[in-house]
Amino acid sequence: MPRYSVIIPAYNAQETLADAIASVLDQTCAPAEVIVVDDGSTDRTADIVATFGTRVRGVTQANQGPGAAVNQGVALARYDLLAFVDADDIWLPDKMARQIPLVVAAEGALISTAQMRQFCHGVPDDGTGAVRDGLTRSTT
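Everything numeric here is computed off the predicted structure, so don't read it as measured data. (Residues numbered from 1 in each chain as written. Predicted model: local features only at pLDDT ≥ 70, side-chain atom pairs only at ≥ 80, totals over all residues. Heavy atoms only, no water.)

A look at the overall build of the protein
- If you tally the helices and strands in the protein, you get 4 helices and 6 strands.
- Seen in sequence order, the protein has helices and strands lined up from the N terminus as β-α-β-α-β-α-β-α-β-β.
- When burial is assessed residue by residue, the protein has 36% of its 140 residues classed as buried.
- A total of about 7,900 Å² of accessible surface is found on the protein, and carbon and sulfur atoms cover 53% of it. (Helix = DSSP H or I, 4+ residues; strand = E, 2+ residues; numbered from the N terminus. Buried < 20%, exposed > 50% of the residue type's maximum accessible area, 1.4 Å probe, protein only. Areas by Shrake-Rupley, 256 points an atom, 1.4 Å probe, with all protein chains shown as cover.)

Next comes the structure, spelled out in structure tokens:
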């Protein structure tokens with residue numbers, strides 16, 4: 001299985017970031033690196049990143065928006081295979097184990113996306129949220 005980098009743009013994400021990071025670290029096909037780009041947060045976002053120690057690399061930049069934060073993460077990534085997740089989203093544990101073989105099999109593919117299921121933070125996920133197709137940062 002190829003190694004991959006995960007990029008998480010974050011802005012004032014103290015309420016949701018720990019869950020997003022944990023869902024990435026709990027993948028059955030673990031990432032080679034996780035990069036959180038703190039886009040000028042004024043809350044405890046940077047402190048939350050620090051609680052994950054060396055498993056997560058945190059960088060901070062002046063607030064420039066999520067696109068600039070993603071681009072900064074891409075520039076810092078050490079691996080060619082990139083995965084993205086927003087700071088308020090979570091991955092199911094086998095997301096990358098299921099998605100990477102499809103990318104490998106589709107030689108020459110530049111992008112892969114997956115379905116997503118709607119949920120609300122703070123409410124236990126009962127698995128009944130609407131499943132949707134779509135090209136979003138967290139499914140790419």
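A few points about the environment of Thr45
- As for its placement among the helices and strands, Thr45 is situated in helix α2 (residues 45-50).
- For Thr45, a relative accessible area of 0% puts it in the buried group.
- Discounting chain neighbours no more than four positions away, the residues touching Thr45 are Ala10, Asn12, Ala13, Gln14, Leu17 and Asp38. (Contact = heavy atoms within 4.5 Å.)

With respect to the sheet that holds strand β4 (residues 81-84)
- The parallel open sheet is built from 4 strands, whose spatial order is β3-β2-β1-β4. Every interior strand has two partners, whereas the edge strands, β3 (57-61) and β4, have only one. Each strand of the sheet is rotated relative to its neighbour by a mean of 25°, with strand direction disregarded.
- Direction of pairing for strand β2 (residues 33-39) relative to β3: parallel, over a ladder of 5 bridges. (Pairing = 2+ DSSP bridges. Axes fitted to C-alpha atoms, helices over the stretch in contact; angles between N-to-C directions.)

What to know about the pattern of salt bridges
- Overall, the coordinates contain 2 salt bridges when judged by the stated rule.
- A salt bridge links Glu33 to Arg57, with the shortest nitrogen-to-oxygen separation between them at 2.7 Å. In this pair, Glu33 sits in strand β2 while Arg57 sits in strand β3, placing the two residues 24 residues apart along the sequence.
- Using a relative accessible area of 25% as the deciding quantity, one classes Arg57 as partly exposed.
- For Glu33, the salt bridge identified is with Arg78, shortest N-O distance 3.5 Å. Taken together, the positions of Glu33 in strand β2 and Arg78 in the loop between α3 (66-76) and β4 put the pair 45 residues apart, joining distant regions of the chain.
- Take Glu33: its relative accessible area is 5%, and that puts it in the buried class.
- Residue Arg78 is classed as exposed on the basis of its relative accessible area of 59%. (Salt bridge = Lys/Arg side-chain N within 4 Å of Asp/Glu carboxyl O.)

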